[in-house]
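Summary of the model geometry
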Amino acid sequence: MRQAKKGEKEMGYYRNTIEDLYSGHFKNSYGVEGMCVTGRSDYKKIVDVSDEMKTHVLEDTKRAYYKYNGMSGGNDAEEEAYARGLNEYYKTLDKEDRLSAAWTLGQLRLELSREVINGIREKLPDWKAGDPIPTDMLDEIFAGEKIASILEGKSEAVKEEREPREDRLTLEQPDGNGEADTEERSGKVAFNQEKRARQLSSAKTPSQVQVVISLLKKDLSDCEAGLQEGMCDENEVRKVKAMLQKAMERQGQVAGKEPEQGEESGGSFLINMLM
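My aim in this report is to walk through the structure given alongside it, one point at a time. (Residues numbered from 1 in each chain as written. Predicted model: local features only at pLDDT ≥ 70, side-chain atom pairs only at ≥ 80, totals over all residues. Heavy atoms only, no water.)

The N-to-C vectors of helix α3 (residues 51-66) and helix α4 (residues 76-91) enclose an angle of 165°; their axes lie 11 Å apart at closest approach. Relative to α4, the element α3 lies roughly antiparallel. Classified by chirality, the crossing of α4 by α3 is left-handed. Counted together, Met53, His56, Val57, Asp60 and Arg63 of α3 and Glu78, Ala81, Tyr82, Gly85, Leu86 and Tyr89 of α4 form the full contact between these two elements. A breakdown of the residues in the contact of α3 with α4 according to their chemical character gives 6 nonpolar, 2 polar and 3 charged. (Axes fitted to C-alpha atoms, helices over the stretch in contact; angles between N-to-C directions. Helix = DSSP H or I, 4+ residues; strand = E, 2+ residues; numbered from the N terminus. Parallel < 35°, antiparallel > 145°, perpendicular 65-115°, else oblique. Left-handed = near helix turned anticlockwise from the far one by under 90°. Contact = heavy atoms within 4.5 Å. Nonpolar A, V, L, I, M, F, W, Y, C, P; charged D, E, K, R; others polar.)

This structure, assessed with the given rule, holds 2 aromatic pairs. Residues Tyr66 and Phe142 carry aromatic rings whose centres are separated by 5.7 Å and whose planes lie at 25° to one another, so their mutual orientation is stacked. Of this pair, Tyr66 sits in helix α3 while Phe142 sits in helix α6 (residues 135-142), placing them 76 residues apart in sequence. The exposure class assigned to Tyr66 is partly exposed, which follows from its relative accessible area of 32%. Between the aromatic rings of Tyr89 and Tyr90, the centroid separation amounts to 6.3 Å while the plane-to-plane angle is 55°, which identifies the pairing as tilted. The same class applies to Tyr89 as to Tyr90, namely buried. (Phe/Tyr/Trp six-rings, centres within 6.5 Å; stacked < 30°, edge-to-face > 60°. Buried < 20%, exposed > 50% of the residue type's maximum accessible area, 1.4 Å probe, protein only.)

By size, the foremost hydrophobic cluster in this structure holds 36 residues, and its most contacted members are Tyr65, Tyr90, Leu105, Val116 and Ile120. At 11 residues, helix α5 (residues 98-123) tops the list of elements feeding residues into this core. Core analysis: the next-biggest nonpolar cluster, separate from the first, contains 17 residues, Ala203, Val212, Cys223 and Ala247 among them. (Core = buried A, V, L, I, M, F, W, Y, C linked by side-chain atoms within 4.5 Å.)

It is generally the case that most residues other than glycine have a negative phi and that most peptide bonds are trans. Of note in the backbone geometry, Asn69 takes a positive phi value of approximately 55° without being a glycine. By the element assignment, Asn69 lies in the loop between α3 and α4.

Turning to the side chain of Arg98, a few remarks are in order. Here Arg98 shows up in helix α5. Nearest to the buried, unbridged Arg98 among oppositely charged side chains is Glu33, at 5.7 Å. Of note is the side chain of Arg98, whose polar atom sits 3.0 Å from the backbone oxygen of Tyr90. One polar contact links the side chain of Arg98 to the main-chain carbonyl oxygen of Leu93, over a distance of 3.1 Å. The contacts of Arg98, once residues within four sequence positions are left out, are Val32, Glu33, Met35, Tyr90, Lys91 and Leu93. (Lys, Arg positive; Asp, Glu negative; His and termini not counted. Salt bridge = Lys/Arg side-chain N within 4 Å of Asp/Glu carboxyl O. Polar contact = N/O pair within 3.5 Å; in protein donor to acceptor, adjacent residues only side chain to side chain.)

All we've got here are geometric facts, nothing functional implied.
Printed below as a string of structure tokens:
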């Protein structure tokens, strides 16, 4: 397994042991068990969440628009604080309820963002993420009845347990198991560059590289869709395209190569796919 970076150690990220992997007690980077979505869709249902966490999501939504004009902002400390707040809450829930709570809060964040975007575009039809937003306009939107209804769970869009597009939601902020693929981070689509880079680095054969390429193509599709919805900026799309180019080059480098006897690339690649 990879060594934790200095910053990760300082922030106390949890790293799964081999025993965790073999026992099935896999945890995300905040030490929260029960957050793996692989092969599951049963968690996609609205459940009761605390008012405190609704406020947590609301404040992060406000920050995204007041401070960053609907962009991701790129402030790691802010994103870390938001993610850690979510995960500390999940730890208080029964393990079987954690994914649904994460999905519920993600849907809440999406609905709040949609309402803010709709409110902005009612007055600024050509607005796109990153363009300036008058503070008084945001004050009016966030003080409106529609935002209040969403927080109270009265919004039809939130109440419906609809089947969404394959999730771009970060269920284990900031990254799935600590590091998701293409993430819905605070209602904004973001590419997890570090995770894909680690997977690509551990890919030693053409078939392994092809797996990463397939994942990157999905990332690109998600980011491009997010860009059209005003929930992603062009920088995220550029990052995916650059990584995809590296993966294509990597495929040429390993063409015809098979792991040497005793080489642990297969195990390393598998672990990096799980992490």
